[in-house]
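Breakdown of the fold
The residues making up each chain are set out below.
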Amino acid sequence: MTRKLVIDSDSIINFFKYYSFDKNENGIINEKLIEFIISKIENNEIIVIDKVFNELHRPETIDIKKVIKKDVVDSIYLFPKVENLIDEFYIKSNERFWGNDKELIKTEIRKHENTYADLYLIALCMELLENNNKVILISEETLSRDDKLVKKIPTICRNLNIKCEDLPFMLFSFYKDKLIFDLETKN
């Protein structure tokens, strides 16, 4: 059984935002940590899909995008599963946030079908599980109020028995035997 981490764009962005450690000093730890993550993407242990790749448009992700582009997984073939997920996890009561504008609601649903990575990530996890892989979806989304037209990643994962964790879990639990973090305080 192969271990796979399917990662959301918010986790990649937060990685660069919160785990840069010594970036402004000598940068050695930061560089090694980035190399470690890239190596896991290159060997297909961490999976980045095209929809996630397209959501990485912040300045701090430009360099990593250049390096991982060749390892990005195409997700268009998952579209039929995504349509089923929309049908299953659509929150009709949240249409009220868009008022009576049916065209706006249709546009938002099309974004879920074509643009947003969330349901593609879940569809890929479903496929990997069906193929006897051990899968964890890494996302920073929380179980807080589902105010989208489609339920949020953690809610859907819970309903489908897909393990969903966050970036600290990935770095400090999943890779605890591969990454050693040491923090020292001075008085």
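Look up a bit, the structure's there.
Residues numbered from 1 in each chain as written. Predicted model: local features only at pLDDT ≥ 70, side-chain atom pairs only at ≥ 80, totals over all residues. Heavy atoms only, no water.

Attention now goes to the state of the cysteines. The tally for this structure, following the rule as stated, stands at 0 disulfides. The thiol of Cys125 is not disulfide-bonded; the next cysteine sulfur, from Cys157, is found 6.1 Å away. Free cysteine Cys164: the closest other cysteine sulfur is in Cys157, separated by 4.3 Å. Overall, the relative accessible area of 22% leaves Cys164 in the partly exposed class. (Disulfide = S-S within 2.5 Å. Buried < 20%, exposed > 50% of the residue type's maximum accessible area, 1.4 Å probe, protein only.)

Attention shifts here to unusual backbone geometry. Trans is the prevailing form of peptide bonds, just as negative phi is the prevailing case for residues other than glycine. Of note, Asn132 is a non-glycine position whose phi angle comes to about 65 degrees, a positive value. You can see Asn132 is positioned in the loop between helix 7 (118-130) and strand 3 (134-138). Its relative accessible area of 55% is what places Asn132 among the exposed residues. Although it is not a glycine, Asn161 adopts a positive phi angle of roughly 60 degrees. Structurally, Asn161 can be placed in the loop between helix 8 (153-160) and strand 4 (163-165). (Helix = DSSP H or I, 4+ residues; strand = E, 2+ residues; numbered from the N terminus.)

For the rest of this paragraph, the subject is helix 9 (residues 167-174). Where helix 9 is concerned, the buried positions are Leu167, Phe169, Met170, Leu171 and Phe174. Two or three places before Phe169, at the start of helix 9, stands the capping residue Asp166, its side-chain oxygen 3.1 Å from that residue's backbone nitrogen. (Polar contact = N/O pair within 3.5 Å; in protein donor to acceptor, adjacent residues only side chain to side chain.)

What follows is about the packing of helix 5 (residues 79-89) against helix 7. Closest axis-to-axis distance for the helix 5/helix 7 pair is 9 Å, and the angle between their directions is 110 degrees. Taken together, the axis directions place helix 5 and helix 7 in an arrangement best described as roughly perpendicular. Crossing of helix 5 against helix 7: the hand is right-handed. From helix 5, Phe79, Lys81, Val82, Leu85 and Ile86 reach across to helix 7, where they touch Leu119, Tyr120, Ile122, Ala123, Met126, Glu127 and Glu130. Its residues assigned to classes, the contact of helix 5 with helix 7 comprises 9 nonpolar, no polar and 3 charged. (Axes fitted to C-alpha atoms, helices over the stretch in contact; angles between N-to-C directions. Parallel < 35°, antiparallel > 145°, perpendicular 65-115°, else oblique. Left-handed = near helix turned anticlockwise from the far one by under 90°. Contact = heavy atoms within 4.5 Å. Nonpolar A, V, L, I, M, F, W, Y, C, P; charged D, E, K, R; others polar.)

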